[in-house]
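Residue-level structure breakdown
Here is how the chains run, residue by residue.
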2 protein chains.
Amino acid sequence: MDQKKPGGRTLAGDAYEAIRQSIRTGAVKPGDRLRFTDLQALCGMSVTPVREALARLTAEGFTVLDDHRGYSVAVLSLEELRNITAARQLCEGEALRLSVTKGDGDWEAGLIAAHHLMARIPQARDDIPSAMREDWEARHATFHAALIAACGSPILLEICEKLFSRADRYRRMSVSLSGGTRDVTGEHRRLMELALARDAEEAAAALREHYGRTAAALEGFLKA
Amino acid sequence: MDQKKPGGRTLAGDAYEAIRQSIRTGAVKPGDRLRFTDLQALCGMSVTPVREALARLTAEGFTVLDDHRGYSVAVLSLEELRNITAARQLCEGEALRLSVTKGDGDWEAGLIAAHHLMARIPQARDDIPSAMREDWEARHATFHAALIAACGSPILLEICEKLFSRADRYRRMSVSLSGGTRDVTGEHRRLMELALARDAEEAAAALREHYGRTAAALEGFLKA
DNA sequence: GAGTCAATGATTTTCGAAAATCCATGTGAT
DNA sequence: ATCACATGGATTTTCGAAAATCATTGACTC
């Protein structure tokens, strides 16, 4: 899914990152049209790389294409959140079960390291407590990837990764809403402990519940 | 996943279909480089739509991109086959369970219709018995889509659809190898009957076995 | 002979403008 | 007033060539 280095070896890769970031941070909102003129100005390049970036983003579900009518930011909905959550519970649950069963010492080390890095910094920003820290979000993604890293199926990992990033925008909303009413740190630690204890079934169950909570926190808000 | 009509409203869409077909039929083989010069000649258009087509194909796993070194056809391997099979058993199995549970009368009708259309024509070609008929393959895909159509989750459907088309090249190999040693028609009928009988668990199990057989038929060949 | 480095050729990647398409507005007829 | 149809502007889509990059070859040193 990611053949481009973060450094950005091609302009198309840079455009991908720039537009992705604009969607992440909310600079462009769900449903907004993405005009090539604007994006070219934003990214400082011609239309070709922008077009390729949008093709990738569309494949991952962040944008949608209407032939001859252009691209726009994919909308958020309660129904999609439920779908994504169910799919993640199914796929990541199974991936975690496999990973816990098959994981070796390197996997354990990577998991512990990832958890340590994530637990070391706060989740919310100092200046805007309702906003998620960018670096925490990155380490959070790394932690969840480390959990299932040893599942042995690149394709399952790819599916999980896509679902994870697709849930990203919902996760941000969740943090800005349920301010502290939830012990996310504790849930993460418990996940790690169950995984290291090689309790595959319990770990998978805990992961499913973990995602269920995030979805539940948004149910009321998205209904309105 | 498919925002383009088969008719082809944009050249990029036409290029996508043309290259996809070349990969399907084996006109270009796994590992082959896909030079823009050649593809432009094949599709009869400029580089821009070809590039967009390759971006889509890469997102679906048919081609791979090496920065500044171009695109090439994704290789086939026993390991990938196993991964795809496992992922399909997980995702499509669950989708079928949901679909059988939730499906209404329209779903039943669609399933029966799809099965009838598929059963009406032979699987192999008259001239080249080892090759799969294009129209059968299309109806086969429609049948499997009809099975899970009522699962209620567009995202799960999208995942299944991608996995199905990603298994396409392996399926073709399977037909050219195991000539008639397998009652594929019977397996499909049984799947339909279990689904219509609302036996969700048995139907899901039959589907998993159905995919397992296809994979098993190729195990020996791909090992060599 | 092995290894480094520059030059060449092939190929990808990007550009800026032209062509095609869509959307909205306005005109005229029923 | 309503509808059909043409016109203009905005936007996407495509083109063909220029720029950037990579792989290969050959000369040159150690």
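Residues numbered from 1 in each chain as written. Chains lettered and ligands numbered in written order. Predicted model: local features only at pLDDT ≥ 70, side-chain atom pairs only at ≥ 80, totals over all residues.

Considering the sheet that holds strand S3 (residues 70-73) of chain B
All names here are of chain B.
- Here 3 strands make up an open sheet; going across it, the order is S1-S3-S2 and the pairing antiparallel. The sheet is open, and its two borders are formed by strand S1 (33-34) and strand S2 (63-66), each paired with just one other strand.
- In the sheet, S1 pairs with S3 via 2 bridges, with the strands oriented antiparallel. Bridging from a neighbouring strand, Leu34 pairs with Tyr71 of S3.
- Against the sheet, helix H3 (residues 47-59) touches S1, S2 and S3, its axis set at about 110° to S2. (Pairing = 2+ DSSP bridges. Helix = DSSP H or I, 4+ residues; strand = E, 2+ residues; numbered from the N terminus. Contact = placed C-beta atoms within 7 Å. Axes fitted to C-alpha atoms, helices over the stretch in contact; angles between N-to-C directions.)

Side note on the relation of the copies chain A and chain B
- Of the two same-sequence chains, chain A is brought onto chain B (RMSD 0.1 Å, axial shift 0.1 Å) by a rotation of 180°. Both chain copies can therefore be described as sitting about a two-fold axis.
- Of the residues that chain A buries at the interface, 96% are likewise interface residues in chain B, meaning the two copies contact each other through the same surface. (Least-squares fit on C-alpha atoms with pLDDT ≥ 70 in both.)

Topic: the protein's contact with DNA strand C
- Residues in contact with DNA strand C amount to 19 residues; listed here are only the nearest, Thr10, Leu11, Ser46 and His68 of chain A together with Gly70 of chain B.
- Elements with a minimum of two residues in the surface near DNA strand C: helix H1 (11-25) and helix H3 (47-59) of chain A together with helix H2 (36-43) and H3 of chain B.
- Grouping the amino acids of the surface near DNA strand C by side-chain chemistry returns 7 nonpolar, 8 polar and 4 charged. (Near = placed C-beta within 6 Å. Nonpolar A, V, L, I, M, F, W, Y, C, P; charged D, E, K, R; others polar.)

Regarding the packing of helix H8 (residues 168-177) of chain B against helix H10 (residues 200-223) of chain B
Residues and elements named next belong to chain B.
- At a minimum axis distance of 9 Å, the contact between H8 and H10 shows a crossing angle of 75°. On the basis of the axis angle, H8 is roughly perpendicular to H10. On H10, the residues touching Tyr170, Arg171, Met173, Ser174 and Leu177 of H8 are Thr214, Ala217, Leu218 and Phe221.
- Each residue belonging to the contact of H8 with H10 can be placed in one class, and the counts come to 6 nonpolar, 2 polar and 1 charged. (Parallel < 35°, antiparallel > 145°, perpendicular 65-115°, else oblique.)

Describing the protein's contact with DNA strand D
- Inspection of the region around DNA strand D gives 19 residues, with Gly70 of chain A together with Thr10, Leu11, Ser46 and His68 of chain B positioned closest.
- Contributing elements (two or more residues each) for the surface near DNA strand D: helix H2 (36-43) and H3 of chain A together with helix H1 (11-25) and H3 of chain B.
- Across the surface near DNA strand D, the residue classes break down as 7 nonpolar, 8 polar and 4 charged.

Section: the interface of chain A and chain B
- Counting residues at the interface gives 24 residues for chain A and 23 residues for chain B.
- Looking at the side of chain A that touches chain B, the elements with two or more residues in it are H3, helix H4 (78-102) and helix H7 (154-166) of chain A.
- Looking at the side of chain A that touches chain B residue by residue, the class counts come to 11 nonpolar, 6 polar and 7 charged.

Quick word on unusual backbone geometry
Residues and elements named next belong to chain A.
- The residue Arg198 is not glycine, and still its phi comes out positive at about 60°.
- The topology assignment puts Arg198 in the loop between helix H9 (184-196) and helix H10 (200-223).
- Judged by local crowding, Arg198 falls into the exposed class, with 12 C-beta atoms found within 10 Å. (Buried ≥ 20, exposed ≤ 12 C-beta atoms within 10 Å, placed from the backbone.)

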